[in-house]
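Each chain is listed here by its residues.
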Amino acid sequence: MRPHLTDQHRDFTRSLDAMLSASDTPSVVRAWAAGDPGPGRALWARLAGAGVFALAVPEAYEGGLGVLPLELALAFVELGRHAVPGPVVETVAVAALLERLGGGRAAEVLPGIAAGGLSATWAVGSGYALDAGTADLVLVAAGEELRAAPGHGPVRVSADPARRLARPAPGGEVLAAGPHVAGAVRYAAGWAALATAAQALGVGYALLDRTVEYVKRRTQFGAAIGSFQAVKHRLADTLLALEFARPLLYGAAVSLRPADVAAAKVAAGEAAYGAARAALQLHGAVGYTEELDLALWLRKARPLRDAWGTPAWCRARVLAG
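Residues numbered from 1 in each chain as written. Predicted model: local features only at pLDDT ≥ 70, side-chain atom pairs only at ≥ 80, totals over all residues. Heavy atoms only, no water.

**Overview of the side chain of E90**
With respect to the helices, strands and loops of the structure, E90 is situated in helix α5 (residues 88–101). When sequence neighbours within four positions are dropped, the list of residues in contact with E90 reads A120, T121, W122, L130 and W308. (Helix = DSSP H or I, 4+ residues; strand = E, 2+ residues; numbered from the N terminus. Contact = heavy atoms within 4.5 Å.)

Here it is, written out as structure tokens:
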């Protein structure tokens, strides 16, 4: 199956881009990294108003627009392009997890996710949960059991200061138990990988766009460095990697086959990381400064490359079919 982007898809992404461009997301990211989630929650509400989270909620639940993976992937490319902070991927994954498990908790949580009034995150086993300190619901999947954590441990800052990690506290209400939990977790992890791939792709495009603009202005030997062949080749290679990953992402959103999702994840993650390396090299020393907004995207590329499936794991999944 080949994805076909309609005028409605393009209008949707343009409207998201316009909304996020007007939201001063660099300031939102810096506030989130400093432990102030207020601006981020306000942005979250605007995203919910645009229907982003409702795309992961079936129509059977209040506010749901249906499970629409292609539209969700398009939205998450824009979230990555604008460096939107928070457990956006994990909230979508929790929606997929609870929808697959069904029951009363799904009916309780999914309308809140669709409306944007509830954010969620989750950890597998004894691992860390992203933004457990700000999420309204923290889930832990261990073996054949899914539980709601009663709290979390110390918050730690990762390579990306806006990605704040914490281990969920032990105990809490058991939401589901049995062999079907493991299958639901695998299903939801696939959604998380797809959304992360889309987010990484958006980060890569943002890095490329900012770098192209910079090399047009920076001069050496009396000429803009963007006119140098070596710089042109580096940027062309970066664009090719991103453009190669994009159809893989759209195809994975249509098929939802685990191998296709893994291929999209590794291609988008590596392309974003390559874009970060090119951006840092071509910006020179100024690229290392925290004051430059570029740093907000540079810090995201490596964590997104490895989140919800490292490149090695994804390649093995592709080879396994």
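**Describing empty space enclosed by the protein**
Enumeration over the complete set of coordinates arrives at two cavities of 30 Å³ or more. Estimated volume of the largest cavity: approximately 70 Å³. V84, P85, G86, L130, D131, D160, A162, R163, Q199, K300 and L304 are the residues that line the largest cavity. Per-class residue counts for the lining of the largest cavity are five nonpolar, two polar and four charged. Lining the second largest cavity we find G86, V88, V89, E90, L130, R163, T196, Q199, L304, A307 and W308. Taken together, the elements giving at least two residues each to the lining of the second largest cavity come down to α5 and α7 (179–217). With three residues, α5 is the single largest residue contributor to the lining of the second largest cavity. Each residue belonging to the lining of the second largest cavity can be placed in one class, and the counts come to six nonpolar, three polar and two charged. (1 Å grid on protein atoms, 1.4 Å probe; cavity = no way out; pocket = protein on both sides within 12 Å on 5 of 7 lines; lining within 4 Å. Points joined across faces, edges and corners; volume = space filled by probe spheres on them. Nonpolar A, V, L, I, M, F, W, Y, C, P; charged D, E, K, R; others polar.)

**Considering the sheet that holds strand β3 (residues 137–142)**
Here we have four strands laid out as an open sheet, ordered β1-β3-β4-β7, and mixed in their pairing. Across the chains shown, the open sheet's two edge strands, defined by having one partner strand only, are β1 (120–124) and β7 (173–177). On average, adjacent strands in this sheet sit at an angle of 25° to one another, irrespective of strand direction. The pairing of strand β4 (residues 145–148) with β7 spans four bridges and is classified as antiparallel. (Pairing = 2+ DSSP bridges. Axes fitted to C-alpha atoms, helices over the stretch in contact; angles between N-to-C directions.)

**Quick word on the packing of helix α1 (residues 7–21) against helix α4 (residues 69–81)**
Axis separation between α1 and α4 bottoms out at 10 Å; the angle between their running directions is 25°. The angle between α1 and α4 places the two elements in the roughly parallel class. At the point where α1 passes α4, the crossing takes the right-handed sense. Across the interface between the two elements, H9, F12, T13, L16, D17 and L20 from α1 touch L70, E71, L74, A75, E78, L79 and R81 from α4. (Parallel < 35°, antiparallel > 145°, perpendicular 65-115°, else oblique. Left-handed = near helix turned anticlockwise from the far one by under 90°.)

**Some thoughts on helix α6 (residues 104–115)**
Of all the residues in α6, the buried ones are A106, V109, L110, P111, I113 and A114. Elements in contact with the buried residues of α6: α3 (38–49), α5 and β3. Once α6 ends, the next one or two residues include G116, with phi positive near 85°. (Buried < 20%, exposed > 50% of the residue type's maximum accessible area, 1.4 Å probe, protein only.)

**Describing the layout of surface pockets**
The space that makes up the largest pocket amounts to roughly 450 Å³. Of all the elements, α7 adds the most residues to the lining of the largest pocket, at seven residues. A per-class count over the lining of the largest pocket returns twelve nonpolar, two polar and two charged. The computed volume of the second largest pocket comes to approximately 270 Å³. Lining the second largest pocket are 14 residues, with T13, E78, R81, R246 and Y250 sitting closest to its centre. Those elements that provide at least two residues to the lining of the second largest pocket are α1, α4, α7 and α8 (229–255). Residue contributions to the lining of the second largest pocket peak at five residues, all from α1.

**Remarks on the packing of α1 against α3**
Remark: α1 packs on α3, axes separated minimally by 11 Å, with the N-to-C direction vectors making an angle of 160°. One finds that α1 runs roughly antiparallel with respect to α3. Once α1 is placed against α3, the crossing between them reads as right-handed. Across the interface between the two elements, L16, M19 and L20 of α1 pack against L43, R46 and L47 of α3. Tallied by class, the residues present in the contact of α1 with α3 amount to five nonpolar, no polar and one charged.

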